[in-house]
Amino acid sequence: MIQVFKPSIGKKEIKAVSEVLKSGWLGLGPRTAEFEKRFARFVGSKYAVGVNSGTAALHLALSVLDIGRSDEVIVPTISFVSTAHVVLYNGARPIFADVYEDTLCIDVNDIKKKITRKTKAIIPVHCYGHPCEMDQILALAKKKGRYVIEDAAHACGARYKGKRIGSLASDLTCFSFHAVKNLTCGEGGMITTNNKVFYEKLLRLRWLGISKDTWSRTETAKTYAWQYWVNELGFKAHLNDIASAIGMVQLERLEAMNSKRREIVKRYNRAFKDLRDIVTPVQKKYVQSSWHIYHVKVPDRDKLIGFLKTRGIAPGVHYYPIHMQPLYKRYKAKCPVAEKVWQNILSLPVYPDLKATQATKVIKTLKEFCAQTLLKEDYLFGLRIKLKKLESCDLERVRKWRNQNRHNFFTDKIITPDQQQAWFNTYIKKQNEKMYIIITKAREIPIGVISIYDIDFKKNIARIGRIIIGNKRYRGRGLAVDAVKAVLKFAFNMLKLKKISLEVFATNSRACRLYRRCGFRQESRRFIIRGDRRREVILMSISRIKI
């Protein structure tokens, strides 16, 4: 199974953990202190405080701002539930804001509508790794005198207008180092800030409110300084040296790992850009996403999930709007964009160790699904004709046409109604064949039939044939050419096939001319025995072109 997420762990991380285990200091210690310094330097902030999860980071960030009862905190509804849970942890009320349909980041205009005198903080979430509209959010917060806490759980290594997330003018920024994040510690998180008062209080809050942690007391005293003071209620939320050892190695690799994500994203975007039913994610010109999640929007999302799973690919959905969760329905939030768009969003595999062959499989599987969806369409259109999918009511007409022209088919036996119905019962179950009735646009008269069959989405090939202009009045008018070109356009431009083949009797000069007019070229010849006669068959084909 190709996972939607997968951590990238190598020998260096394993070695780093081994060294910690051998050192005898596993908890909050020297490696955590060093990791905090390196991380602060990397993002461009003065201070960094390591905690045991991204959720803990958000929880403590709200706590350090003394947010509590009677306060409101504005959060986006498209996020992991932690973003809202931490507001409840602190006794405040979450106010759910809607999102932009393109980036799924928090909508600044909706923040403006929902900010009140009770609002104490705004938590913009850099959704999927794409930074929010931070200049507008920070300007609004400054004007209203509100705090800004960035939820950068997805955005480790991302940039906004050239600056790394974690270095902007927000009061605090919270990162997650969960198992599948861009930078993982297995579990962990970090809070960055430029405010010394916040920094010093965070050090106490993450360690039960104790004035000095164990490593600090050990490091600064000649003997173990056992004395400490507890002046406030804190939490058991610190990072440890095992996680920090992994984190330091991951930090060294982060740029390279994010670069690999960008390569995969570019490949996906190129492959999916022409698929009619797939909307690929955007990246604003002034940001650099960390691409924690690659999502597409697709109408038949749930059907596609099932299809991908049958092919050994595990997709995801990120996220069901928080305000629609049973716990949060009581807040009666109105977020129409999120309520609409969540039904179509789908996360596809993207991580540094995703192999090229695996990405190819994802691409081909998605294309196959889209092609099969297109095959269910009722009509194709040419210049003077339209093609309607074959239905049971068309069978008798097609049977008569076929019997009248049976000398041009490889089997020239008369087809009975029962045989035609048996064929149709098999045909409707096939996923790789489509037969159309040719209808004149001007007078809506059925005049013939055409098929595309033996469709192979792995090889991107198919066959065209079973072409009959059954209504003799319409022969020689170029309508068969129009029908063939309509099918070729559909096959090449919509199904993304690369080659279409057919076979025709050499004696059928009219058909041979028809196919040459459409661009088919002879590949080879062969002979077949039909009855007591030896007949020559021409194999023709056409490769992908713009029709």
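Look a little higher up for the structure.
Below: a short report on this structure. (Residues numbered from 1 in each chain as written. Predicted model: local features only at pLDDT ≥ 70, side-chain atom pairs only at ≥ 80, totals over all residues. Heavy atoms only, no water.)

**A few points about the overall build of the protein chain**
- Along its length, the protein chain carries 16 helices and 20 strands.
- A compact globule built from 547 residues would reach a C-alpha radius of gyration of about 24 Å, whereas the protein chain, at 32 Å, exceeds it by more than 25%.
- Over its C-alpha atoms, taken along the principal directions, the protein chain stretches across nearly 105 × 55 × 40 Å.
- A total of 547 residues make up the protein chain; the buried ones form 55% of that total.
- For the protein chain, the share of sequence-separated contacts (at least 6 apart) that also reach a separation of at least 24 residues comes to 69%.
- Entry remark: accessible area of the protein chain is about 25600 Å², with carbon and sulfur atoms responsible for 51%.
- Positive and negative side-chain charges in the protein chain, numbering 102 and 49 respectively, have mean positions lying 6 Å apart. (Helix = DSSP H or I, 4+ residues; strand = E, 2+ residues; numbered from the N terminus. Rg over C-alpha atoms; globule rule 2.2 N^0.38 Å. Buried < 20%, exposed > 50% of the residue type's maximum accessible area, 1.4 Å probe, protein only. Contact = heavy atoms within 4.5 Å. Areas by Shrake-Rupley, 256 points an atom, 1.4 Å probe, with all protein chains shown as cover. Lys, Arg positive; Asp, Glu negative; His and termini not counted. Charge placed at Lys NZ, Arg CZ, Asp CG, Glu CD.)

**Focus on the sheet that holds strand S15 (residues 434-440)**
- Taken in spatial order, the eight strands make up an open sheet running S13-S14-S15-S16-S17-S18-S20-S19, and their pairing is mixed. Each edge of the open sheet carries a strand with a single partner, namely strand S13 (379-381) and strand S19 (521-530). Adjacent strand axes in the sheet meet at a mean angle of 25° when their direction is disregarded. (Pairing = 2+ DSSP bridges. Axes fitted to C-alpha atoms, helices over the stretch in contact; angles between N-to-C directions.)

**Description of the state of the cysteines**
- All told, the structure shown has zero disulfides when counted by the stated rule.
- Looking at the unpaired Cys132, the closest cysteine sulfur is the one in Cys105, lying at 4.0 Å. (Disulfide = S-S within 2.5 Å.)

**Here's the deal with the packing of helix H2 (residues 30-43) against helix H9 (residues 241-272)**
- Where H2 contacts H9, the axes come no closer than 8 Å and their chain directions differ by 25°. By the angle between their axes, H2 is roughly parallel relative to H9. Every pair of crossing elements has a handedness; the one defined by H2 and H9 is left-handed. Residues Pro30, Arg31, Thr32, Glu34, Phe35, Arg38, Phe39 and Phe42 of H2 touch H9, and the partners they reach there are Asp241, Ser244, Ala245, Gly247, Met248, Leu251, Glu252, Leu254 and Glu255. (Parallel < 35°, antiparallel > 145°, perpendicular 65-115°, else oblique. Left-handed = near helix turned anticlockwise from the far one by under 90°.)

**What about the pairing of strand S17 (residues 461-469)?**
- Bridge count for strand S16 (residues 446-456) against S17 is six bridges, and the pairing is antiparallel. Residue pairing for S17: Tyr453 is matched across the bridge by Arg463.
- Taken together, the three bridges between S17 and strand S18 (residues 499-505) define a ladder with parallel strand orientation. For Ala462, the partnering residue across the bridge sits in S18 and is Ile500.
- Chirality of the crossover, the property in question, places the unit of S17, helix H15 (residues 479-494) and S18 among those that are right-handed. (Right-handed = clockwise from strand over helix to strand, strands pointing away.)

**So, the nonpolar core**
- In terms of nonpolar packing, the biggest core is built from 87 residues, with Phe35 and Phe39 touching the most fellow members.
- It is helix H3 (residues 54-64) that provides the largest number of residues to this core, a total of seven residues.
- Ignoring sequence-local partners within four residues, the contact set of Phe39 consists of Cys156, Phe175, Phe177, Leu183, Met190, Thr192 and Leu251.
- Membership of the second largest hydrophobic core comes to 44 residues, among which are Ile455, Ile467, Tyr474 and Val487. (Core = buried A, V, L, I, M, F, W, Y, C linked by side-chain atoms within 4.5 Å.)

**Topic: the pairing of S15**
- Counting buried residues in S15 gives seven out of seven residues, a clear majority hidden from the surface.
- Residues of S15 alternate between two faces, with Lys434, Tyr436, Ile438 and Thr440 on one and Met435, Ile437 and Ile439 on the opposite face, all of them buried.
- Of the pairings in the sheet, the one linking strand S14 (residues 385-389) to S15 comprises five bridges and is antiparallel in character. From the neighbouring strand, Leu387 faces S15, where its bridge partner is Ile438.
- In this structure, S15 lies alongside S16, joined through six bridges in antiparallel fashion. What sits directly across from Ile438, in S16, is Gly448.
- Between S15 and S16, which follow one another and run antiparallel, lie five residues, and Glu444 among them has a positive phi close to 55°.

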